[in-house]
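One-letter residues, chain by chain:
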Amino acid sequence: MDLPVIDLSEYLAVASEDGQLGELCGEVSQSLRETGALLVKDPRCSAEDNDRFIDMMERYFESPLQFKLLQERPHLHYQVGVTPEGVEVPRSLVDEEMQEKFRAMPEEHRPSPPKGPDCKWRYMWRVGPRPSQTRFKELNAEPVIPEGFHEWKDTMDSWGHKMISAIEVVAEMAAIGFGLPKDAFTSLMKQGPHLLAPTGSDLRSYGQEGTVFAGYHYDLNFLTIHGRSRFPGLNIWLRNGQKVEVKVPVGCLLIQTGKQIEWLTGGDCLAGMHEVIVTSRTTDAIKLASEQNRSLWRVSSTLFAHIASDAVLKPLGHFAESPLASKYPSLCAGEFVEKELTVINLKG
């Protein structure tokens, strides 16, 4: 099954005349509701931008271990700087309810069972303005710049801002599609602790088929966006339980639903479950990259878009009347994030 591709050009051209866009916005909300994912083409985010970003991150992840550890900030729950492999714990390893769902799935749709913490690195870079006053300072910490990467800040900021711009358009379209005011989501995103969080997976060391880089999990944020990776391996689960390997066309971006949009829609839109593993398509790509003498680090250009830390998460508008709304009590987005980070071992 191929995910629908939504070209954002049409919305960007006539965004002031919402009436013409109802059908397109309905497609966005329907895809997020039914699949937890969406492919978009944004004329402001080119394949060349994605390549420039991935080139730099490949060079960083290929750096010596001791150099990379200089950018580690465990006392800030790894919310800025580098997270080494073996730190992030997939939710399915510690969540008994998730493990029960796991076992109940038909074998062909079952996730690959993680055997321990994820064997991937990650780099966290905050994107966008921070609030001048917040109860959640550690979620809005100063960025960490590796020595010797003179283009780092410009490349990270440029790609991060472009992906945030794409998310904001999707968030407006989704709100219209869900029957909410256009700014229902974007107004809550202002000054959120958005994180550009590329992962690096060493396919030279962990390139065997079946290796789990990111065990079955959902994202705790609002929406997640990725550029196309040079190595496939992402599986997602549709709302009906079907497992689908995602193929991102060149020049497209993948958007996935996180737990915060589930909260704001009272469960109408669920956080999308996904995993990253080495598949036969990954090993084919490894073989080709080796022959062409290219990097064997699998980089994902991932950005986590968040609701502002001090904003309140609760079902919005008509979703407050939904029968499931009571499962989503009002709480500060920052408190919610801290609770989730404790579970996945990124908060001591």
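Given the structure is predicted, the values throughout are model-derived calculations rather than measurements.

What counts, and where the lines are drawn
Residues numbered from 1 in each chain as written. Predicted model: local features only at pLDDT ≥ 70, side-chain atom pairs only at ≥ 80, totals over all residues. Heavy atoms only, no water. Buried < 20%, exposed > 50% of the residue type's maximum accessible area, 1.4 Å probe, protein only. Helix = DSSP H or I, 4+ residues; strand = E, 2+ residues; numbered from the N terminus. Pairing = 2+ DSSP bridges. Core = buried A, V, L, I, M, F, W, Y, C linked by side-chain atoms within 4.5 Å. Contact = heavy atoms within 4.5 Å.

Enquirer: How would you explain the pairing of strand β7 (residues 212-217) if you had to name every residue and give the values?
Expert: Burial analysis of β7 places 6 of its 6 residues in the buried class, which makes it a mostly covered element. Here β7 runs beside strand β12 (residues 274-277); their pairing, made up of 3 bridges, is antiparallel. Note on β12: the bridge partner recorded for V212 is I277.

Enquirer: Which residues make up the pairing of strand β8 (residues 223-226), and what values go with them?
Expert: By the alternation rule, side chains of β8 split into L223 and I225 and T224 and H226, which are all buried. Pairing between β8 and strand β11 (residues 253-257): 4 bridges, direction antiparallel. By the bridge assignment, L223 is partnered in β11 with T257. Note that β8 and strand β14 (residues 302-305) share 4 bridges and pair antiparallel. Pairing of L223 across the sheet is with A305, part of β14.

Enquirer: Give me the nonpolar core: which residues, what numbers.
Expert: Ranked by internal contacts, the top residues of the largest apolar core, which has 74 residues, are M57 and F185. The biggest single contributor to this core is helix α7 (residues 152-177), with 13 residues. Among all residues touching F185, those that are not within four sequence positions of it are A171, A174, A175, F178, L180, F222, I261, L264, T265, I307 and L316. Membership of the second largest hydrophobic core comes to 22 residues, among which are L3, L203, F213 and V278.

Enquirer: Can you explain unusual backbone geometry? Please cite residues and give values.
Expert: At Q191, a position not held by glycine, the phi torsion is positive, near 60 degrees. Tracing the chain through its elements places Q191 in the loop between α8 (186-189) and β5 (195-196). For Q191, a relative accessible area of 38% puts it in the partly exposed group. With a phi close to 60 degrees, N293 is a non-glycine residue in the positive phi region. Following the sequence through the fold, N293 ends up in the loop between α10 (280-291) and β13 (297-300).

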